[in-house]
Structure formats: structure tokens, C-alpha cells
Amino acid sequence: MLNPKAKKQASCADDYDSETITVETARQKILEKIHPIDGTEKLTLYQSLNRILAEDIVSKLNVPGHTNSAMDGYTLSGDQLPNNETREYRVIGTAYAGRPFKNENNNDQCQAGECVRIMTGAAMPSNTDTVIMQEHSEKISDTTVRFTTGHRKGQNVRQAGEDIAKGNIVLKQGHHLQPADLGVIASIGIGEISVYRQPRIAFFSTGDELRQIGEPLEKGDIYDSNRYSLYGMLSQLNVEIIDLGVVGDKLEDLREAFATASSKADLVITTGGVSVGEADFVKNIIEEMGKIHIWKIAMKPGRPITFGELDEAVFFGLPGNPVAVMTTFYHFVLPAIQKLSGEGARSPLTFEVKCNSALKKRPGRFECLRGILSRNESGQLTVSVTGKQGSGILTSMSRANCLILLDEDCDGVKIGDNVTVQPFNTYL
Ligand code: AMP
Ligand code: MG
């Protein structure tokens, strides 16, 4: 007789059982367990791209610092603009960017009937508030210019502080620094900022069949590819990478590798050995040495996956299958790393497009297919599946430029149906 208390074991082949949680529940549980690292360091702007701000950046300046011209042309008081006929003005000098206008008496006043030749970025002389584009002027001589009607008081002028006002918070703690942010911080004269230290991520592959590149392959051996795709995904993130190589399916070796990894890293990732085979030890060792929070997620590919803790470190035991490694990384490890880094998990960009392929699916679990997003003849974005979708077919991932996400309820897709996609890049 079957033992009614025996728990059903998870394997990649299972479709659904009651212990399995949804992708969304898993993601929430994972994020609840993760605490941002609190170590910080001071870096120059050049070192700060992709780092996470550990302080609010407050401006001590107005940007721009002075009201200035947005055009090359002539500046004058808006009250002096011609009303219903053209009018001539005396040009009393020139204002350049970085070289304000001054007359021989060291004075920058512009009086009625006068204007100042002005270049883009030059500070506005006193009594001026309006710029007439050079193209809308008629030069009569070096000291006389004529303007027509149709201008507006205040036109073509950038106000002091219109980009950043003195005292404002320009960027908040927790912000992920993008190229424009470095420019913005430079624009307020700050060259060094406080950022969170990078999380340290250790990873290793498990499996007796795994060989290093350069080693000969005996029957049944394969080259370890997971460490390379993991390395690739991690390299695109704000992390310090600790590659611990390959560990065979031996309890003692695995215990030692787990101890080393957790002593060095904030987060440990392994691949393989999380299923229910005779050589799948990862789950048991984590139970013994740490704690397991999640074991089964209703997701294909990617089930089972182990999430837990190992001493002070967060632990992810990803499946061995190369595609599952990548899809579970994007769905669970990436948001965990984002939260650990101090920025909080961000949602990936997803949107709906028409699907050119028919996709079979049974309801009850989330599925993640590899897609190619492209434009059709009418310029519309559409997606096609990359072909064979086995969780061992890693070329399906390298051919893809997006994931096609089919939620739990979906019971298949017909050609022409809309599906949700998550692009890998911003380029097709
Ligand atoms: P496992 O989860 O250990 O049962 O592995 C599932 C499948 O993924 C098996 O076919 C393994 O040979 C394969 N696999 C495991 N680790 C790797 C790896 N590092 N690189 C490539 N394939 C792997
Ligand atoms: Mg294995």
C-alpha cells in the first residue's frame, strides 16, 4: 500500500501538484526573504555606472546657473519688441557662452532701442529677457539690426534653475545609476558619490558528467555550459563574481563547496542536482546545512528549483538543464540580486504582440518559451517561437531575442493570438 503521508517528489517531468507554488508567489516569497546589503563605498562618477546610490543627491546649485540664450541671435527687453512695424536697434556688443557681455564701463545694461548679439548658452545681459534668432533678423551694419513683428516676450531663453533648482533632490537613494545620471550629477558639480558595495555572487556547477573545456569527453560526458551562461548573465549586472568551478555528485565535495561558497558570498547559485535522482544531493545538503524556503514552482522549464539560505548567504539551487538555468535566473535570481543590491526589484519590460506560431500548453503552470521578435512588412512587431523548446536545447536561447510568457491559465495559443513577450535587449 502507498504511504499516504509520503510527500510527492518534484521532478522536471511533473505537471502540477498541490505543494507547487506559482511563479508570482515564489517571487514574492523570495523578495520577502532578501535584505539589501548595507555596506557602502565612495566612488568617482567614472566608477559609478550601474551602481546603486546609497545617498540622496541634493543640488547646491541651480542648473543652469544663469538665465541664458537657447539660440544664436540678438537679445533685448521683451517690452522693446516691434509692435506693428519693423524696427531698427543699436547692437551694443556681444555675449558669448562663458564670456558675458560688458560695455567699456564694465556694465551689462541694455537700454531701450538697444540689443546685444548673443550666442547659445551665453548669460543674458541685464534688462534683457527675450532672444530673436539670428535667422529672423536683418543685419544692417555691424552696429544696427532690424527685427520684424511676431515675436513673444521671453522666447528662446532658458531660465536659471529650469533643469535643476538649488536644494532639490536630484536622485534618490536606491537609484540605479544610468549614463544620464552621471551627467546630471556632474552638472551640479559633484564628482564623488556614495554607492552600495556590489553583492558577491558565488556559483558552481554540479554533476559527475561535467567536463571542463579542453578535457576529452568519455561516453556520457558533456562540457559544463551552465557556468558560462551564468557568468554571462551575471557579468551584465552590478555584482562581484566568484566562479567556483565544477563539483562532482559527492556528498563530501558538495558540503565543502557549499561551505566555501557561503563563506565568500552574499548569494550562492548552483546548477544541477536539485531533482529526485539518486545523485541529486543539493536539496538534502541545504536542508542539513541551512534552510529551504521554496522547492517547487509551477514553471516550465525550471522546476524544481531550490531557494533557501546557507549561513549568511542566500541560496539558489537552479536545475541542471541549461535553458532552465537561464529562465529561472531571469525570473527569480535577477530580482533577488536587484533587491540585495539596494535598488529593490524592478519589473522587466513586457508587452503583447501577435504570435506567428501555434503553441501547445496545458493550464496549471507558467511556461516560458524562447521567441524571436521581429517586424513584419507593415512594421508591426510580431513573435515566432525559435523551434524545438526542450529544456536542454540551449541554442533555442541563443537564437531568441525574447521570452514568450504564457501564464498559468493559458491553454494554448493559436496563430494570430496575442502573447506577452519579455525582450532581452532594446535592439532587435
Ligand atoms: P540535473 O538537474 O543534475 O539532473 O541535470 C539535468 C540535466 O542537465 C542533465 O542532462 C545534466 O547532464 C544537464 N546538466 C547539468 N549541469 C549541466 C551543466 N553545468 N552544463 C550543461 N548541462 C548540464
Ligand atoms: Mg546532475
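About the cut-offs
Residues numbered from 1 in each chain as written. Chains lettered and ligands numbered in written order. Predicted model: local features only at pLDDT ≥ 70, side-chain atom pairs only at ≥ 80, totals over all residues. Heavy atoms only, no water. Near = heavy atom within 4 Å. Polar contact = N/O pair within 3.5 Å; in protein donor to acceptor, adjacent residues only side chain to side chain. Areas by Shrake-Rupley, 256 points an atom, 1.4 Å probe, with all protein chains shown as cover. Helix = DSSP H or I, 4+ residues; strand = E, 2+ residues; numbered from the N terminus. Nonpolar A, V, L, I, M, F, W, Y, C, P; charged D, E, K, R; others polar. Domains from an automatic or database assignment. Contact = heavy atoms within 4.5 Å. Buried area = accessible area lost by both parts, 1.4 Å probe. Salt bridge = Lys/Arg side-chain N within 4 Å of Asp/Glu carboxyl O. Axes fitted to C-alpha atoms, helices over the stretch in contact; angles between N-to-C directions. Parallel < 35°, antiparallel > 145°, perpendicular 65-115°, else oblique. Left-handed = near helix turned anticlockwise from the far one by under 90°. Buried < 20%, exposed > 50% of the residue type's maximum accessible area, 1.4 Å probe, protein only. Pairing = 2+ DSSP bridges.

### Topic: the site of ligand 1
For step 1, the next point in the chain: Around ligand 1 sit 16 residues in total, of which Glu209, Asp224, Ser225, Asn226 and Gly273 are the nearest.
For step 2, the next point in the chain: Here aspartate 224 contributes a side-chain N or O atom positioned 2.7 Å from a nitrogen atom of ligand 1.
For step 3, the next point in the chain: At 3.3 Å from an oxygen atom of ligand 1 is found a main-chain nitrogen or oxygen belonging to asparagine 321.
For step 4, the next point in the chain: Protein chains shield 76% of the accessible area of ligand 1, which is 480 Å² for the free molecule.
For step 5, the next point in the chain: Counting only elements with at least two residues in the shell around ligand 1, the list comes to β13 (200–206) and β15 (222–223).
For step 6, the next point in the chain: Partitioning the shell around ligand 1 into residue classes produces 4 nonpolar, 9 polar and 3 charged.

### Examining the domain arrangement of the protein chain
For step 1, the next point in the chain: Here the protein chain is partitioned into domain 1 (23–39 + 198–340), domain 2 (40–59 + 171–196), domain 3 (68–158) and domain 4 (351–421).
For step 2, the next point in the chain: Distance from the C-alpha centre of domain 1 to the C-alpha centre of domain 4: 26 Å.
For step 3, the next point in the chain: Domain 1 puts 14 residues into the contact, and the matching count from domain 4 is 16 residues.
For step 4, the next point in the chain: Buried area between domain 1 and domain 4, summed over both chains or domains, comes out near 1,200 Å², and the portion from carbon and sulfur atoms is 71%.
For step 5, the next point in the chain: Here domain 1 and domain 4 share 0 salt bridges between them.
For step 6, the next point in the chain: In this assembly, domain 1 and domain 4 are joined by 5 residue pairs in polar contact (both at pLDDT 80 or more).

### As for the packing of helix α4 (residues 251–264) against helix α5 (residues 282–289)
For step 1, the next point in the chain: Close contact between α4 and α5 brings their axes to 11 Å; oriented N to C, the two are set at 55 degrees. The angle between the axes of α4 and α5 places the two elements in the oblique class. The chirality of how α4 crosses α5 is right-handed. Between α4, through Leu251, Leu254, Arg255, Phe258 and Ala259, and α5, the contact on the second element is made entirely by Val282, Ile285, Ile286, Glu288 and Met289.
For step 2, the next point in the chain: Tallied by class, the residues present in the contact of α4 with α5 amount to 8 nonpolar, no polar and 2 charged.

### A word on the side chain of asparagine 226
For step 1, the next point in the chain: Residue position: asparagine 226 is located in helix α3 (residues 226–235).
For step 2, the next point in the chain: For asparagine 226, a relative accessible area of 7% translates into the label buried.
For step 3, the next point in the chain: Sequence-distant contacts of asparagine 226, defined by excluding residues within four places in its chain, comprise Ser205, Thr271, Pro319, Gly320, Pro322 and Val325.

### Details of the sheet that holds strand β20 (residues 306–310)
For step 1, the next point in the chain: Strand order in the open sheet formed by 6 strands is β16-β13-β17-β21-β20-β18, with mixed pairing between adjacent strands. Two strands in the sheet have a free side with no partner beyond their single neighbour: β16 (240–247) and β18 (291–294). Each adjacent strand pair in this sheet contributes to an overall mean axis angle of 20 degrees, direction not counted.
For step 2, the next point in the chain: Pairing of β20 with strand β21 (residues 313–318) involves 5 bridges; the strand directions are antiparallel. By the bridge assignment for β21, leucine 310 is matched with alanine 313.
For step 3, the next point in the chain: Docked against the sheet, helix α1 (residues 23–33) engages β18, β20 and β21, running at close to 140 degrees with respect to β18.
For step 4, the next point in the chain: Contacting β13, β16, β17 (267–271), β20 and β21, α4 runs over the sheet at an angle of about 165 degrees to β13.

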